[in-house]
2 protein chains.
Amino acid sequence: MKDKKPSEWYSAVCEAAERIRGHALHTPVMTSSTLDAELGAEVFFKCENLQKIGAFKFRGAYNAIRKLPEDERKQGIITYSSGNHGQAVALVGRMLNTPTVVVMPDNAPETKKSATAGYGAKVVEYNAETESREEIATDLCRERNLTMIPPYDHPAIVAGQGTAAMELLEETGKLDMLLVPCGGGGLLSGSAIAAGAMSPECRIIGVEPELADDATRSFRTGELHRVSNPPTIADGTRTPSLGKITFPLVLEYVDDMQTVPEKAICDAVRFFYYRMKIVVEPSGALGLAALINGSVPGNGRIGVIISGGNIDGPTMSSILARKM
Amino acid sequence: MKDKKPSEWYSAVCEAAERIRGHALHTPVMTSSTLDAELGAEVFFKCENLQKIGAFKFRGAYNAIRKLPEDERKQGIITYSSGNHGQAVALVGRMLNTPTVVVMPDNAPETKKSATAGYGAKVVEYNAETESREEIATDLCRERNLTMIPPYDHPAIVAGQGTAAMELLEETGKLDMLLVPCGGGGLLSGSAIAAGAMSPECRIIGVEPELADDATRSFRTGELHRVSNPPTIADGTRTPSLGKITFPLVLEYVDDMQTVPEKAICDAVRFFYYRMKIVVEPSGALGLAALINGSVPGNGRIGVIISGGNIDGPTMSSILARKM
């Protein structure tokens, strides 16, 4: 077990919790007596699929944008993301009356472009084959004097994401283990900071798809590994690597990393659908997948963060159509 | 507005609430800021899709079976239902250590038979083309000295189903309108009894599919109308008619009935999936369908009972595949 003294990082999570109060939803914690009986454990699911925009990303985005000095915020903000973070920044921009630009690949699904534009953000498209989204966003930042709100590698984003685990632990009390999906590591490092301070004996485990195991390899070797557009169904974990800020935090605060096969991810999505009647995207189902797959011991008091529920109809249909 | 003085029926709902406490789940009430903004109303969803066995039916079944004298219960219970009520009776039978028989048509989906048998009930199959389930069940009742737990036309079933609306009103306070799905009328009459006593100025509206409008016609004419195996996607409302007990209760306690087209039902299932990230079966989506369709005025404080979430993969996939 790592030495997890409360740090200035934990103070930042506490401040974020104050900042988002009454703006982010205090999402419910759900349980399943069927699952508990099968495992012989007590499992507590923190339902960030029921958060605004359907994912935990709202927490970090609200914290980071609200924290900006007002004159800076008035100049406008920008981000690059075709996923949940882009929608979160767009919604917060609207809530705080802040001009918002979201840079998205021109081949992003029309539904995502229109959802982001629907929140009032300006969508700037780029050619994903020939252009770099970071460069486009950085150029726009300079030209228009905008502030960049990156998807995970930012202290206020990490602190904001940590508030979900904080709420979970406030409700459950101490836990033996906490399972957290890992993409860029913002949710994982934020959760580990919060749980490390609130329940020091709790083992904090990051979970990745086997097909996108860069963070697991980085964690084991201490050197940053990358993946390039991995073919996992868990699209929220297709980020190329942990970040400059999140990698050291994961090394410091996380106890272990585990990977799960695609089949276990789909089994978990189906369990949420059929047994718990909630819609969970594949990335959001990683924690339960680790339990179903036996990747982690299924006993004691276990917290699981469900990161999001944004799964389109065709993907859900293909998962439901597989053999139970 | 009808005169709704608290009656002995309301006392029965209060007793049922005591009886099921700690055995049925106290399901959450959910809201959607998107929907509220679109309608200009405050809508409160009572999520019985998150109830045990995925539907409100657990409430009535537990109340009716728990209320039996112990020697009668020990002899065993029987019901006929291929749907949620059958599973509810099977689960309660297991919880109360009571021998349970569920009569199901031989063409019922294998998943429903195995789910019911999985709760430890004995499944007795009959030929749906040539035999009557009521007769088979009645014969078995006599032969084996079992007690019949019918799906809706029974005072303890009605009282148990009323506890969902009671919990909703305890949480929300007074409402202007309450929308309740109507099949055999157990949930509707129970809800109307509870809401009539707790929020007398609340208009209680039963909602049916246009394709299965027997209760609406019965309500308007005062004479019992029937449908035979109506082709609605809302399978929970395919019951042939209101019952001997529920019809007079609906006439006495319900303020109005409305019907909705199949399209609105599917739109509502999709709204729950995409915007609220919960799995709701078509019958459970009738209340929201009435709001989306403009069948009822969308203003003020509105309660909606989501009756269940048992929708199989192929049906959900076909609904998600339709145009938004």
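Please refer to the structure placed before this passage.
The notes below deal with the structure included here. (Residues numbered from 1 in each chain as written. Chains lettered and ligands numbered in written order. Predicted model: local features only at pLDDT ≥ 70, side-chain atom pairs only at ≥ 80, totals over all residues. Heavy atoms only, no water.)

## With respect to the pattern of salt bridges
All names here are of chain A. Applied cut-off: Definition used for salt bridges: Asp or Glu carboxyl oxygen within 4 Å of a side-chain nitrogen of Lys or Arg. For helices the rule is a DSSP run of H or I covering at least 4 residues; for strands it is a run of E covering at least 2, with both sets numbered from the N terminus onward. Accessibility here uses a 1.4 Å probe with only protein chains present; expressed as a share of the type maximum, an area under 20% marks a residue as buried, one over 50% as exposed, and anything in between as partly exposed.
For the coordinates displayed, the defined rule picks out 26 salt bridges over all chains. Across the pair R301 and E42 runs a salt bridge, and its minimum N-O distance is 3.5 Å. You can see R301 sitting in strand β10 (residues 300–306) and its partner E42 sitting in strand β2 (residues 41–47), a full 259 residues away along the chain. With relative accessibility at 24%, the residue R301 sits in the partly exposed group.

## Section: the packing of helix α1 (residues 8–20) of chain A against helix α9 (residues 186–198) of chain A
Residue and element names in this part refer to chain A. The test is simple: In this description, a line fitted to the C-alpha atoms serves as the axis of each element, helices being fitted only across the stretch in contact, and the angle between N-to-C directions of two axes falls anywhere from 0 to 180 degrees. By definition in this entry, angles of less than 35 degrees are roughly parallel, angles greater than 145 are roughly antiparallel, angles of 65 to 115 are roughly perpendicular, and the rest are oblique. Residue contacts are counted whenever heavy atoms from the two residues lie within 4.5 Å of one another. For this scheme, ten residues count as nonpolar: Ala, Val, Leu, Ile, Met, Phe, Trp, Tyr, Cys and Pro. Four count as charged, namely Asp, Glu, Lys and Arg, and the remainder, Gly too, count as polar.
Between α1 and α9, the least distance of the axes is 9 Å, while the angle of their chain directions is 105°. In terms of their interaxial angle, α1 and α9 are classed as roughly perpendicular. The segment α1 lies against α9, with W9, Y10 and V13 engaging I193, A194, A197 and M198. Looking at the contact of α1 with α9, its residues break down into seven nonpolar, no polar and no charged.

## Some thoughts on the sheet that holds strand β3 (residues 77–80) of chain B
The pairing of strands in a sheet happens through backbone hydrogen bonds and is either parallel or antiparallel. Residue and element names in this part refer to chain B. As a reminder of what qualifies: Here, any two strands with at least 2 DSSP bridges between them count as paired.
Ordered by their spatial adjacency, four strands build an open sheet running β5-β4-β3-β6, and the pairing between neighbours is parallel. Both outer strands of the open sheet, β5 (122–126) and β6 (147–148), are each paired with one neighbouring strand and no more. Pairing between strand β4 (residues 100–105) and β5: five bridges, direction parallel. Pairing of V102 across the sheet is with V123, part of β5. Contacts from helix α6 (residues 110–118) reach β4 and β5 within the one sheet, and its direction differs from that of β4 by about 175°.

## Let's talk about the relation of the copies chain B and chain A
Using the following cut-off: We superpose the copies by least squares over the C-alpha atoms of residues that have a pLDDT of at least 70 in both of them.
At an RMSD of 0.0 Å, chain B and chain A line up after a rotation of 180° and a shift of 0.0 Å along the axis. One copy is carried onto the other by what is essentially a two-fold rotation axis. Minimal C-alpha separation from the rotation axis in chain B is found for I278 of chain B, amounting to 2.2 Å. Most of the interface of chain B is mirrored in chain A: 100% of its interface residues are interface residues there too.

## Description of the packing of aromatic side chains
All names here are of chain A. Put simply, the rule is: Two rings belonging to Phe, Tyr or Trp (six-membered ring only in the last case) form a pair when the distance between their centres is within 6.5 Å. Interplanar angles under 30 degrees mark stacking, angles over 60 mark edge-to-face geometry, and anything in between is tilted.
Counted by the stated rule, this structure contains six aromatic pairs over all chains. Ring geometry for F45 and F272: centres 5.3 Å apart, planes at 80°, overall edge-to-face. Of this pair, F45 sits in strand β2 while F272 is found in helix α12 (residues 262–274), placing the two residues 227 residues apart along the sequence. On the accessibility criterion, F45 (0% relative accessible area) is buried.

## Comments concerning the nonpolar core
Inclusion rule: Among buried residues, those of type Ala, Val, Leu, Ile, Met, Phe, Trp, Tyr and Cys that are joined through side-chain atoms within 4.5 Å constitute a nonpolar core.
Ranked by size, the top nonpolar core spans 80 residues in total, and within it F45 and I278 of chain A together with F45 and I278 of chain B carry the most contacts. Those residues in contact with F45 of chain A that lie beyond four places of it in its chain are P28, V29, M30, L35, F272, M276, L288, V304 and I306 of chain A. Counting 37 residues, the second-largest nonpolar core is a separate cluster that includes L168, L187, I204 and F247 of chain B.

## Some points on the environment of D235 of chain B
Residues and elements named next belong to chain B. Along the chain, D235 falls in the loop between α10 (214–221) and α11 (246–253). Here D235 falls in the partly exposed class, since its relative accessible area comes to 33%. Spatially, the C-alpha atom of D235 lies 9.0 Å from that of G183, the residues being 52 residues apart in sequence. Sequence-distant contacts of D235, that is, excluding residues within four places in its chain, are made with K112, E281 and S283.

## Looking at helix α5 (residues 84–95) of chain A
Residues and elements named next belong to chain A. What counts here: Here the expected span of a helix is defined as 1.5 Å times the quantity of residues minus one.
For α5, spanning 12 residues, the distance from its first C-alpha to its last is 16 Å, which sits close to the expected 16 Å at 1.5 Å a residue. Counting buried positions over the 12 residues of α5 gives 10, a clear majority of the element. Along α5, the residues classified as buried are N84, H85, G86, Q87, A88, V89, A90, L91, V92 and G93. The secondary structure elements touched by the buried residues of α5 are α3 (57–67), β3 (77–80), β4 (100–105), α6 (110–118) and α8 (155–172). Phi turns positive, to about 55°, at N97, one or two residues after α5.

## As for the interface of chain B and chain A
We apply this condition: The term buried area denotes the loss of accessible surface (1.4 Å probe radius) that occurs when two parts are joined, taken as the sum for both partners. Counted as a polar contact is a pair of N or O atoms within 3.5 Å, where, for protein atoms, one must be capable of donating a hydrogen and the other of accepting one, and residues adjacent in sequence contribute only when both atoms are in side chains.
Each partner contributes residues to the interface: chain B has 20 residues there, and chain A has 20 residues. The junction of chain B with chain A conceals about 1400 Å² of combined surface from both sides, 58% of it contributed by carbon and sulfur atoms. Area buried by chain B at its contact with chain A is led by Y273, K277 and V279 of chain B, which between them contribute 42% of it. Linking chain B with chain A are 11 residue pairs in polar contact (both at pLDDT 80 or more). Taken together, the elements giving at least two residues each to the side of chain B that touches chain A come down to α12 (262–276) and α14 (313–321) of chain B.

These values are about where atoms sit, not about what they do.
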